[in-house]
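A look at the structure
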Amino acid sequence: MSNILVLGASGYVGTHLVPELVARGHRVRASSRRRDTLEARGWEGVEVVAADALDGASLDRALEGIEVAYYLVHSMAAGSRFAEIDRAAAVTFRDAAERAGVRRIIYLGGLQPEGEASAHLRSRRETGDLLRAGSVPVTELRAGIIVGPGSAAFEVIRDLVYHLPLMVTPRWVRSRSQPIALDDLITYLVTLPDLDETEGHTYDAVGVDTLTYQELMQQFARVARRPLFIIPVPVLSPRLSSYWLDLITAAPASVARPLIDGLAHDLVSSNPWPLREAIPLRLRTYEQAVRAALAEEEAAGPPARWTEGAFRLRQQRHDISFYDKRSRAELHVDAPPEAVWAEVSAIGGERGWYYANSLWWLRGVLDRLVGGVGMRRGRRHPYYLRVGDTLDWWRVEAVEPGRRLTLLAEMKLPGSAVLEFVVTPVGEGASIATQAHFHPAGMPGLLYWYALWPVHSRIFDGLTRAIAQRAEASSRASDGDAAASA
């Protein structure tokens, strides 16, 4: 049993790795930049800390008493500066691990092609080299496409298969890869700390199938029982394809573009045997991995709050994107949290939505015209909410009294919409945050989001201001009543 830190625990690999390490009897500390994201996972027996790979002081706190540290950090979503950020993060973490006396670092990198690699894959390789330049021994796993919910490559394939039955594709669909099931990768990762002989080695972690990207999509379509016709043409480059994909998939462009840029080369391991000999597994085929990934989503329970990719919050539909589009508004409130929560918990029904009520009413009418629930349902109780309650066209999906309300839209939409209100104590006052999440279903969902984003953004900003103003007014009135009675 070891004291283990997982840095980058909020990512799709870290989210699955942490509970498996706990199940093996390790003492686990999970870390990411946002503590609340980790707390939403609801892990039992896991210490949660906030740490930034670029902040040495936060890493010192996270690494205190740690024997084995998993480094699952990359900065693809940071845009064009991701390689620079990755370099700085690797050096900062390496130095902090040395100061803390960490016995071993386990790094999840990317499989390298023969010849020139994309900027993304070069950065993953450089990160491993920088970590190894320190005194702490490093074990690196270089993985190809990971087949599991939340993997960028898997989600791009999912969106394409579900929403483009006919594809005119570029040459890169004939590039080859060796996808590995997420569960198999997790087994490799959790076993490494038990094997001293793997210390200081670099391994290729790949599956048993060698498939073209065209075959990956065709096999996914077979599992999903979706029609798919692919016509490769020689005129689309990977870069042009990445811009075109922005119209189809909800995967963030900052993630999808570097990923697609790397598809011009085969990603095939020349020597997968050392890892397979060190950790013998009955590896899943790609088709088995896809079936397992979709079944895992269906078996997931209801989340305690909005979590990216939560199947229940995607209307339990595989064709709705794992990734979301979002809008957020936040304000400080000169009122106690209790006053703010009172306004949040009483929203909707006869009290209305506090801002632009005519637009909420109009949206409800339009929804009724297309067979939706509209605004007719109101609410069960004027002040209290519980899980399962209807609230106009929403349903209460989760509620943390005094702190957080999560609503799932039940109107007719080309996707799935979630609205969250979060109340946080701040000094003698509070903050109120309104967070709108929309998981689109293909191009219609993306067009819906972008067309209405200016209106939605203004409405949610106004709603947040209205909640703050009402809470401040009720607080002043309460203070006045208290002074008068005194």
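Anything mentioned here points back to the structure above.
Quick summary incoming for the structure in this document. (Residues numbered from 1 in each chain as written. Predicted model: local features only at pLDDT ≥ 70, side-chain atom pairs only at ≥ 80, totals over all residues. Heavy atoms only, no water.)

1. Notes on the sheet that holds strand β5 (residues 104-110)
Note: strands within a sheet are paired through backbone hydrogen bonds, in either parallel or antiparallel orientation. Reading across the sheet, the seven strands line up as β3-β2-β1-β4-β5-β6-β11 and stay open at both edges, with parallel pairing between neighbours. In this open sheet, the two strands that pair with only one neighbour each are β3 (46-50) and β11 (202-205). Across the sheet, the axes of successive neighbouring strands diverge by a mean angle of 20 degrees, strand direction being ignored. Here strand β6 (residues 138-143) pairs with β11 via four bridges, running parallel. Bridge pairing in β11 places Glu-140 opposite Thr-202. The strands touched by helix α1 (residues 12-23) are β1 (3-7), β2 (27-32), β3, β4 (68-71) and β5; relative to β1, the strand with the most contacts, the crossing angle is about 170 degrees. This element, helix α7 (residues 182-191), spans β4, β5, β6 and β11 of the sheet and lies at about 175 degrees to β6. (Pairing = 2+ DSSP bridges. Helix = DSSP H or I, 4+ residues; strand = E, 2+ residues; numbered from the N terminus. Axes fitted to C-alpha atoms, helices over the stretch in contact; angles between N-to-C directions. Contact = heavy atoms within 4.5 Å.)

2. Regarding α7
Counting buried residues in α7 gives eight out of 10 residues, a clear majority hidden from the surface. What α7 keeps buried is the set Leu-182, Asp-184, Leu-185, Ile-186, Tyr-188, Leu-189, Val-190 and Thr-191. (Buried < 20%, exposed > 50% of the residue type's maximum accessible area, 1.4 Å probe, protein only.)

3. Details of the layout of surface pockets
Estimates place the volume of the second largest pocket at around 410 Å³. Lining the second largest pocket are 23 residues, and of these Arg-363, Trp-393, Tyr-448, His-456 and Ile-459 sit closest to its centre. Where the lining of the second largest pocket is concerned, the elements lending two or more residues are α14 (357-369), β18 (415-426), β19 (429-440) and α15 (442-485). The dominant element in the lining of the second largest pocket, judged by the number of residues it contributes, is α15, at seven residues. Grouping the amino acids of the lining of the second largest pocket by side-chain chemistry returns 20 nonpolar, two polar and one charged. (1 Å grid on protein atoms, 1.4 Å probe; cavity = no way out; pocket = protein on both sides within 12 Å on 5 of 7 lines; lining within 4 Å. Points joined across faces, edges and corners; volume = space filled by probe spheres on them. Nonpolar A, V, L, I, M, F, W, Y, C, P; charged D, E, K, R; others polar.)

4. Side note on helix α5 (residues 119-132)
Taking 1.5 Å of rise per residue, 14 residues should cover 20 Å, and α5 covers 20 Å from first to last C-alpha, within 8% of that figure. Those residues of α5 that sit buried are His-120, Leu-121, Ser-123, Arg-124, Thr-127, Gly-128, Leu-130 and Leu-131. (Expected span 1.5 Å × (residues − 1).)

5. Thoughts on the packing of aromatic side chains
Evaluated as defined, the whole model comprises 11 aromatic pairs. Ring geometry for Trp-353 against Trp-360: centres 4.4 Å apart, planes inclined by 15 degrees, an arrangement best described as stacked. Here Trp-353 matches Trp-360 in class, with each residue buried. Ring centres of Phe-438 and Tyr-448 lie 5.4 Å apart, and the angle between their planes is 40 degrees; this geometry places the pair in the tilted category. Taken as a pair, Phe-438 in strand β19 and Tyr-448 in helix α15 lie far apart in primary sequence, 10 residues in all. Phe-438 sits in the buried class, given a relative accessible area of 3%. By relative accessible area, which is 19% here, Tyr-448 ends up buried. Ring-pair connections join several aromatic residues into one group, and the members of that group are Trp-353, Trp-360, Trp-393 and Trp-394. Here Arg-276 stacks its cationic end above the ring of Trp-273, 5.0 Å away from the centre of that ring. Arg-470 extends its terminal NZ or CZ atom over the ring of Tyr-354, reaching a point 4.0 Å from the ring centre. (Phe/Tyr/Trp six-rings, centres within 6.5 Å; stacked < 30°, edge-to-face > 60°. Lys NZ or Arg CZ within 6 Å of the ring centre and 35° of its normal.)

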